[in-house]
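# Architecture and fold: a report
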Amino acid sequence: MTNINEIATQMVTPGKGILAADESSGTIKKRFDSINVESTEENRMNYRRILFETQEAMQNYISGVILFDETLRQSNKDGKKLVDIINDAGSLPGIKVDMGAKELALMSGETVTEGLDGLRERLEEYSNLGAKFAKWRAVIAISDKIPSTLCIDANSHALARYSALCQEAGIVPIVEPEVLMDGSHTIERCYEVTKDTLTKVFEELTKHKVDLKGICLKPNMIIDGKECSKKSSSEEIAKMTINCFKETVPSEVPGIVFLSGGQSEIEATENLNEINKIEGTPWNLSFSYGRALQASALKAWQGNHENEEACSKAFAHRAKMNSLATKGVWSKEQEN
Ligand code: 13P
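This text gives an overview of the structure that appears in the document.

Now for empty space enclosed by the protein. In this structure the tally under the stated criterion is one cavity of 30 Å³ or more. The space that makes up the largest cavity amounts to roughly 40 Å³. Partitioned by chemical class, the residues of the lining of the largest cavity number six nonpolar, four polar and one charged.

As a structural note, the neighbourhood of the ligand is formed by 13 residues, with Lys 135, Lys 218, Ser 260, Gly 261 and Arg 291 the closest of them. Lys 135 is positioned such that a nitrogen or oxygen atom in its side chain is 2.5 Å from an oxygen atom of the ligand. The backbone of Gly 261 places a nitrogen or oxygen atom 2.7 Å from an oxygen atom of the ligand. In isolation the ligand exposes 300 Å². Once the protein is present, 91% of that is buried. When each cavity is represented as a set of grid points, the ligand is found to reside in the largest pocket. Those elements giving two or more residues to the shell around the ligand turn out to be strand S6 (133-140) and strand S10 (284-289).

Working definition: an aromatic ring pair is given by the centre-to-centre distance plus the angle between the planes. A complete count under the given rule lists seven aromatic pairs for this structure. Each ring, one from Phe 32 and one from Tyr 47, has its centre 5.8 Å from the other, and the planes form 85°; the classification is edge-to-face. Taken as a pair, Phe 32 in helix H2 (residues 25-33) and Tyr 47 in helix H3 (residues 41-52) lie far apart in primary sequence, 15 residues in all. Accessibility classification places Phe 32 together with Tyr 47 in one group, the buried group. Measuring from centroid to centroid gives 5.7 Å for Phe 287 and Tyr 289, while their planes differ by 35°, and the two rings are tilted. Residue classification places Phe 287 among the buried residues on the basis of a relative accessible area of 0%. Here a set of aromatic residues connected by ring pairs shows up, and it is made of Phe 32, Tyr 47 and Trp 301.

So, about the layout of surface pockets. If you add up the space inside the largest pocket, you get close to 710 Å³. Lining the largest pocket are 33 residues, with Thr 27, Arg 31, Lys 96, Lys 135 and Arg 137 positioned closest to its centre. Listing elements by their share of the lining of the largest pocket, those giving two or more residues are H2, helix H7 (119-128), S6 and strand S7 (172-179). Tallied by class, residues from the lining of the largest pocket come to nine nonpolar, eight polar and 16 charged. Taken as a whole, the second largest pocket encloses approximately 280 Å³ of empty space. Looking at the second largest pocket, it is lined by 15 residues, and the ones nearest its centre are Asn 46, Arg 49, Lys 77, His 305 and Glu 308. Ranked by the residues each element gives to the lining of the second largest pocket, the list is headed by H3, at five residues. For the lining of the second largest pocket, the residue count by class is two nonpolar, seven polar and six charged.

Further remarks concern the pattern of salt bridges. Using the criterion set out here, one finds 26 salt bridges in the structure. In this structure, Glu 23 engages Arg 48 in a salt bridge whose closest nitrogen and oxygen atoms are separated by 3.0 Å. On the criterion of sequence distance, the pair formed by Glu 23 in the loop between strand S1 (17-21) and H2 and Arg 48 in helix H3 is long-range, its members being 25 residues apart. With respect to class, Glu 23 is no different from Arg 48; both count as buried. Through salt bridges with shared partners, a single network forms among Asp 22, Lys 96, Lys 135, Arg 137, Glu 176 and Glu 178.

Here the focus is the environment of His 208. Note on placement: His 208 falls in the loop between helix H9 (187-207) and strand S8 (216-217). You can call His 208 partly exposed: its relative accessible area is 24%. Remark: the alpha-carbon pair of His 208 and Ala 164, spanning 44 residues in sequence, is separated by 6.6 Å. Once residues within four sequence positions are removed from consideration, His 208 is found in contact with His 157, Ala 160, Arg 161 and Ala 164.

A cis amide bond, omega 10°, links Ile 146 with the succeeding residue Pro 147. Within the secondary structure, Pro 147 sits in the loop between S6 and helix H8 (149-168). One non-glycine residue, Asn 36, lies in positive phi territory at about 55°. With respect to the helices and strands, the residue Asn 36 is situated in the loop between H2 and H3. Backbone geometry places Lys 209, a non-glycine residue, at a positive phi of 65°. Examined against the element boundaries, Lys 209 turns out to sit in the loop between H9 and S8.

About the criteria used
- Residues numbered from 1 in each chain as written.
- Predicted model: local features only at pLDDT ≥ 70, side-chain atom pairs only at ≥ 80, totals over all residues.
- Heavy atoms only, no water.
- 1 Å grid on protein atoms, 1.4 Å probe; cavity = no way out; pocket = protein on both sides within 12 Å on 5 of 7 lines; lining within 4 Å.
- Points joined across faces, edges and corners; volume = space filled by probe spheres on them.
- Nonpolar A, V, L, I, M, F, W, Y, C, P; charged D, E, K, R; others polar.
- Near = heavy atom within 4 Å.
- Polar contact = N/O pair within 3.5 Å; in protein donor to acceptor, adjacent residues only side chain to side chain.
- Areas by Shrake-Rupley, 256 points an atom, 1.4 Å probe, with all protein chains shown as cover.
- Sits in = over half its atoms within 2 Å of the grid points.
- Helix = DSSP H or I, 4+ residues; strand = E, 2+ residues; numbered from the N terminus.
- Phe/Tyr/Trp six-rings, centres within 6.5 Å; stacked < 30°, edge-to-face > 60°.
- Buried < 20%, exposed > 50% of the residue type's maximum accessible area, 1.4 Å probe, protein only.
- Salt bridge = Lys/Arg side-chain N within 4 Å of Asp/Glu carboxyl O.
- Contact = heavy atoms within 4.5 Å.

Have a look at this one:
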């Protein structure tokens, strides 16, 4: 039986990264609305199985796929389970287990992620359905007044309890504390908030006896708020991101896989590439992108059977570009 350390290491195989295809029902509807496709169970299955059946991407560049509950139970029209399509390509299926970020009572504008009640039983079921890893996303928003220490504490505590339950079940937890890009804050403020958050997260993980060699960290990059008047270069983003992690992330953690968080496809690739040009870091630094791996593919698909190949090609291209970025050898010219 493979143990959690081996699974975590496999998730960050050099040159590979994770496809986040775990959009909740609400989020996938938003994505489908953007291409005027109705979000039916069949359409969701069809779109996602096109991605998972893309052999070039899945065999070479994608170490694991994060799924939503519905997808973990779905089969394609020939009756083959989507989980088996992923396994057959040599990639690992994973499952989003949080129940979403809910308003933190009495704390205006802040959220805490829910889903701990009954999680032990759900993890057992997910493990039986083939999930090798899980994901829990905590959300930290920035404004002049937030985040509060309470918000960081509550979310870090929940992440640690989730991680411990995962490891008990033999499942690798993806620990995702996302400091949002929304707002006009500076890159320095993002650094400060991410540093406070990661410090607290690792304090709680340690307190809850989580084996750091059996987790995968999924953080934001250190980046300017979307409405910030300054736009930092990818070199600055890379330098500050690595500096922040050196201050907060223990070297036992095998890998760090970034979320894209609203960056464009090219920005997310370019920033990851710069990050990987920096030498001497103890972790594998890769991607776990949702939008930044799927935006072009979704646009190419348009819900139309005839566009399947174009959708698949667009996904394979982004997967390849991001794979190059994990080695720091991507360049803009390779986009053409
Ligand atoms: P994005 O890359 O679109 O931010 O999604 C990653 C993810 O899984 C967020 O939880």
